[in-house]
Amino acid sequence: MADCIFCRIVNKEIPSKIVYEDENVIAFDDINPQAPVHTLVVPKKHINTIMELEDYEVVSNVFKAIKKVAEIKNIDKDGFRVVVNHLSKGGQSVFHLHFHVLGGRQMLWPPG
Ligand code: AMP
């Protein structure tokens, strides 16, 4: 989609710090990181939200990429969190399905 910022990153029309890429998925560092490691794993195919996801092969491709990102960022042994935000109450701001990979520090929830 022409007016989608993540489609523009997929198409290399705007720069990003690419961590991993294959034919189905691109992963790049979040511009406003919320943890020492904060990488977005994005299917190249445009899907607005998780509720519009119908092709479950996308999920398989994304999770393969998440494992690669965890290894590349060296958080695979320590632990990390994967987050999908959905619509306004879920905190979604970019309407191209993406998975946040957060790590490098203890996550605050759940406590302890
Ligand atoms: P969400 O709020 O779940 O939709 O997440 C969107 C994320 O995209 C936010 O964490 C933003 O910081 C991030 N973001 C927005 N524009 C860019 C960009 N050009 N490059 C990297 N990350 C971005």
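Residues numbered from 1 in each chain as written. Predicted model: local features only at pLDDT ≥ 70, side-chain atom pairs only at ≥ 80, totals over all residues. Heavy atoms only, no water.

Caption draft 1: Spotlight on the side chain of His38. Locating His38 in the fold gives a position in strand β3 (residues 37–43). Reaching out from His38, the side chain makes a polar contact with the backbone nitrogen of Gln34 at a distance of 2.9 Å. Ignoring anything within four residues of it in the chain, the contact list for His38 reads Phe28, Asp29, Asp30, Asn32, Pro33, His100, Val101 and Leu102. (Helix = DSSP H or I, 4+ residues; strand = E, 2+ residues; numbered from the N terminus. Polar contact = N/O pair within 3.5 Å; in protein donor to acceptor, adjacent residues only side chain to side chain. Contact = heavy atoms within 4.5 Å.)

Caption draft 2: Examining helix α2 (residues 57–72) more closely. Over its 16 residues, α2 runs 23 Å from end to end, which matches the ideal 22 Å to within 8%, given 1.5 Å per residue. For α2, the set of buried residues is Val58, Asn61, Val62, Ala65, Ile66, Val69 and Ala70. Looking at the buried side of α2, the elements it contacts are β1 (18–21), β2 (25–29), β3, β4 (80–83) and β5 (99–103). At the exit of α2 stands Asn74, carrying a positive phi of roughly 60°. (Expected span 1.5 Å × (residues − 1). Buried < 20%, exposed > 50% of the residue type's maximum accessible area, 1.4 Å probe, protein only.)

Caption draft 3: Region of the structure containing the packing of aromatic side chains. Overall, the coordinates contain two aromatic pairs when judged by the stated rule. With 5.4 Å between their ring centres and 80° between their planes, Phe6 and Phe28 make a pair best called edge-to-face. Residue Phe6 is located in helix α1 (residues 5–10), and its partner Phe28 is located in strand β2; the two are separated by 22 residues in the primary sequence. Assessed through its relative accessible area of 7%, Phe6 is described here as buried. (Phe/Tyr/Trp six-rings, centres within 6.5 Å; stacked < 30°, edge-to-face > 60°.)

Caption draft 4: Region of interest: the site of the ligand. In the region of the ligand, 16 residues are neighbours, and Asp30, Asn85, Gly91, Ser93 and His100 sit closest. Between the ligand and Asp30, the relevant distance is 2.5 Å, taken from an oxygen atom to a side-chain nitrogen or oxygen of the residue. Here an oxygen atom of the ligand sits 2.8 Å away from a polar atom, N or O, in the main chain of Gly91. Here the ligand has 500 Å² of accessible area as a free molecule, and 84% of this is covered by the chains. No other element matches α1, which puts three residues into the shell around the ligand. In terms of residue class, the shell around the ligand is built from seven nonpolar, seven polar and two charged. (Near = heavy atom within 4 Å. Areas by Shrake-Rupley, 256 points an atom, 1.4 Å probe, with all protein chains shown as cover. Nonpolar A, V, L, I, M, F, W, Y, C, P; charged D, E, K, R; others polar.)

Caption draft 5: Representation of unusual backbone geometry within the structure. The phi dihedral of Lys12 is positive, around 60°, even though this residue is not glycine. Here Lys12 shows up in the loop between α1 and β1. Residue classification places Lys12 among the partly exposed positions, given a relative accessible area of 47%. Even without being glycine, Leu87 reaches a positive phi, approximately 55°. Locating Leu87 in the fold gives a position in helix α3 (residues 87–90).

Purely geometric numbers; function is a separate question.
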